[in-house]
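A closer look at the structure
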Amino acid sequence: MTEQHIVFIGAGNMARALISGMRQRDIPGESIQVHAPSTLHRGALAEEFGVRSRPAQAEKLPENSVVIYAAKPKQMPAILQEWGDTLRSGSALFVSVAAGVSSTQITALLGEEISVVRAMPNTPSQIGAGATTLFARANVGASQCDTVQQIFSGVGKVFWLHDEALMDTATALAGSGPAYVLLFLEALEDAAVLQGLDRITARALALQTVLGTAQMAAASPASPSELRHQVTSPGGTTAAGLAVWEEQLRPLAQRALAAAAERGRALSQLLKKDA
Ligand SMILES: NC(=O)C1=CN([C@@H]2O[C@H](COP(=O)(O)OP(=O)(O)OC[C@H]3O[C@@H](n4cnc5c(N)ncnc54)[C@H](OP(=O)(O)O)[C@@H]3O)[C@@H](O)[C@H]2O)C=CC1
Ligand SMILES: O=C(O)[C@@H]1CCC=N1
């Protein structure tokens, strides 16, 4: 793992989260290089994590490079145009974290079947608590899959998919998921403040409740439904609250995941128009 060179295209939120998680796992800063047009974000990453900061494009890659595409989906045609020769001439493994963009689109943009893996990580990767879904094209070898597995299992849990179409669902659930959980926290906090609790206490109580419950569910062999029933006394406070959640929550979850997955597919279609 330490011999591997990890090359980021893009220095934004997701690159930062992954680099933070990698550095906590003692991947040396010198084996990570970050490319972005401006020095704004890559400069900050170099300063904070000791990674190498480079302009937007590399002429040549170090041996054993894993290139992680972490710029916006819609920029992929232009960026792969710039990186095409570099990627085609080496033996780099190309990992895209871009939402929506299919591996077939990526190889079509490159005009060659280089090794492509799609990854959908999430921002808790920055503290080693990420959830990453991976999909490898058929030509990606077992040792390349191991390499990708090692990189992302270093920053959290890893789940492989064999049907690429489900990457949009994984994106809707886990890539976007931290934002849903944070919105839920905000809503709980605000509701408690409305009832008179001070904001600091409301925030801390909401956070510890979500954290403690997630840890309990992760540690327990029981299903979320079974654990929920343990909290719910007949005729008690939880039953009263749950009756309200049940009216809306499941249909809302279905609509939210459908909207997010559809947006992933739309991002992919947009790329077709621009390409
Ligand atoms: N944010 C998230 O939670 C998640 C995001 N993703 C995916 O990660 C990718 C990046 O998202 P995010 O980090 O949020 O986006 P940001 O907008 O935070 O970062 C985008 C980065 O791309 C860089 N960039 C722009 N043009 C180029 C170029 N020509 N060459 C190299 N780099 C370039 C920008 O450079 P500069 O610093 O100069 O502005 C910036 O650093 C997206 O594809 C998204 O779908 C996947 C999972 C979760
Ligand atoms: O919102 C987005 O499109 C990206 C992908 C998943 C999380 N952030």
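Keep in mind that this is a model prediction, so the values were computed, not measured. Counting from 1, residues in each chain are numbered in the order their sequence is written. Ligands are numbered from 1 and chains lettered from A, in the order in which they are written. Where totals are concerned, whole chains, interfaces and linings use all residues; where local detail is concerned, this predicted model gives features only for residues with pLDDT of at least 70, and gives and counts side-chain atom pairs only at 80 or more. Hydrogens are left out, water is left out, and the side-chain values use all remaining heavy atoms of the structure.

**Examining the site of ligand 1**
Nearness here has a simple test: a residue counts as near a molecule or strand if at least one of its heavy atoms is within 4 Å of that partner. Residues in contact with ligand 1 amount to 25 residues; listed here are only the nearest, Ala11, Met14, Ser38, His41 and Ala71. The separation between an oxygen atom of ligand 1 and a polar main-chain atom of Ala11 is 2.8 Å. Any pair of nitrogen or oxygen atoms within 3.5 Å is treated as a polar contact; in protein, a donor-acceptor pairing is required on top of that, and neighbouring residues in sequence qualify only through side-chain atoms on both sides. A distance of 2.8 Å is found between an oxygen atom of ligand 1 and a backbone nitrogen or oxygen belonging to Met14. In these tables, accessible area is a Shrake-Rupley quantity obtained with a 1.4 Å probe, and a residue counts as shielded only by the protein chains included in the view. Calculation on ligand 1 without its partners gives an accessible area of 910 Å², and the protein chains cover 81% of this total. Labels follow the DSSP assignment, with helices taken as runs of H or I lasting at least four residues and strands as runs of E lasting at least two, numbered in each case from the N terminus. Where the shell around ligand 1 is concerned, the elements lending two or more residues are helix H1 (13-24) and helix H3 (76-89). The residue makeup of the shell around ligand 1, split by class, is 15 nonpolar, eight polar and two charged. Under the scheme applied, nonpolar residues are Ala, Val, Leu, Ile, Met, Phe, Trp, Tyr, Cys and Pro; charged residues are Asp, Glu, Lys and Arg; polar residues are all the others, including Gly.

**A closer look at the domain arrangement of the protein**
Residue ranges assigned to the domains are those given by an automatic or database domain assignment. Segmentation of the protein into domains returns domain 1 (5-164) and domain 2 (177-269). Using C-alpha coordinates to define each centre, domain 1 is positioned 32 Å away from domain 2. Any two residues whose heavy atoms approach within 4.5 Å are treated as being in contact. Each partner contributes to the interface: domain 1 provides seven residues, whereas domain 2 provides four residues. Accessible area, probed at 1.4 Å, shrinks when two parts are joined; the buried area is that loss added up over both. Both faces combined, the contact of domain 1 with domain 2 buries some 390 Å², and carbon together with sulfur accounts for 65% of it. One side-chain nitrogen of Lys or Arg within 4 Å of one carboxyl oxygen of Asp or Glu is enough to make a salt bridge. Where domain 1 packs against domain 2, one counts zero salt bridges. Considering only residue class, the side of domain 1 that touches domain 2 consists of three nonpolar, four polar and no charged.

**Some details on the packing of H3 against helix H4 (residues 103-110)**
Running from N to C, H3 and H4 cross one another at 65 degrees; their axes reach a closest spacing of 8 Å. When you trace H3 past H4, the crossing you get is right-handed. Between H3 and H4, the contacting residues are Met76, Pro77, Leu80, Gly84, Leu87 and Arg88 on the first element and Ile106, Leu109 and Leu110 on the second. To define axes, lines are fitted to C-alpha atoms, for helices over the stretch in contact only, and angles between the resulting N-to-C directions are given on a 0 to 180 degree scale. Should the near helix be turned anticlockwise from the far one by less than a right angle, the crossing is termed left-handed; should it be turned clockwise, right-handed.

**A closer look at the sheet that holds strand E7 (residues 130-136)**
Two strands qualify as a pair provided that DSSP identifies no fewer than 2 bridges between them. Pairing is mixed in the open sheet, where eight strands are placed in the order E3-E2-E1-E4-E5-E6-E7-E8. A strand with exactly one partner marks an edge of an open sheet, and here the two such strands are strand E3 (52-54) and strand E8 (156-160). Shown here is a sheet whose adjacent strand axes are inclined to one another by a mean of 25 degrees, direction ignored. Direction of pairing for strand E2 (residues 32-35) relative to E3: parallel, over a ladder of three bridges. Residue pairing across strands places Gln33 opposite Arg52, the latter belonging to E3. Most of the contacts of helix H5 (residues 142-153) go to E8, to which it runs at about 145 degrees, and overall it touches strand E1 (5-9), strand E4 (65-69), strand E5 (93-96), strand E6 (115-120), E7 and E8.

**What about the site of ligand 2?**
In the vicinity of ligand 2, the contacting residues are Ala99, Gly175 and Ser176. In isolation ligand 2 has 240 Å² of accessible area, and contact with the protein removes 45% of it.

**Focus: a nonpolar patch on the surface**
Each patch is built from residues that are more than 30% exposed by relative accessible area and take part in no salt bridge. Like charges join if they lie within 9 Å; nonpolar side chains (Val, Leu, Ile, Met, Phe, Trp, Tyr) join within 5 Å. Taken together, Phe184, Trp245 and Leu249 make up a surface patch of nonpolar side chains, about 280 Å² in accessible area. Looking at where Phe184 falls in the secondary structure, it is placed in helix H7 (residues 177-194). The exposure class of Phe184 is partly exposed, given its relative accessible area of 33%. Only protein chains enter the area calculation, which uses a 1.4 Å probe; residues under 20% of their type maximum are buried, those over 50% are exposed, and those in between are partly exposed.

**What to know about helix H2 (residues 39-49)**
Three or more residues of H2 are buried, namely Arg42, Leu45 and Phe49. Along H2, the residues classed as buried sweep out an arc of 60 degrees about the axis, all on the same side. Among the exposed residues of H2, those oriented more than 90 degrees off its buried face are Thr39, Leu40 and Glu47. Buried positions along H2 lie against H1, E2 and E3. A distance of 3.4 Å separates the backbone nitrogen of Leu40 from a side-chain oxygen at the start of H2, and that oxygen is part of Ser38. Of the residues one or two after H2, Gly50 is the one with positive phi, at around 70 degrees. Note that the arc is defined by the directions from the helix axis to the C-beta atoms.

**What to know about the pairing of E1**
Extensive coverage of E1 is indicated by the burial of four of its five residues. Looking at chain direction, E1 and E2 are connected through four bridges and run parallel. The partner of Phe8 across the bridge, within E2, is Val34.

**What about unusual backbone geometry?**
Only a minority of non-glycine residues have a phi that is not negative, and only a minority of peptide bonds are not trans. The backbone of Asp26 shows a phi angle near 65 degrees, a positive value even though the residue is not glycine. Assignment of secondary structure puts Asp26 in the loop between H1 and E2. According to the relative accessible area criterion, Asp26 is exposed, its value standing at 63%. Unlike most non-glycine residues, Asn64 shows phi in positive territory, near 55 degrees. Residue classification places Asn64 among the partly exposed residues on the basis of a relative accessible area of 43%.

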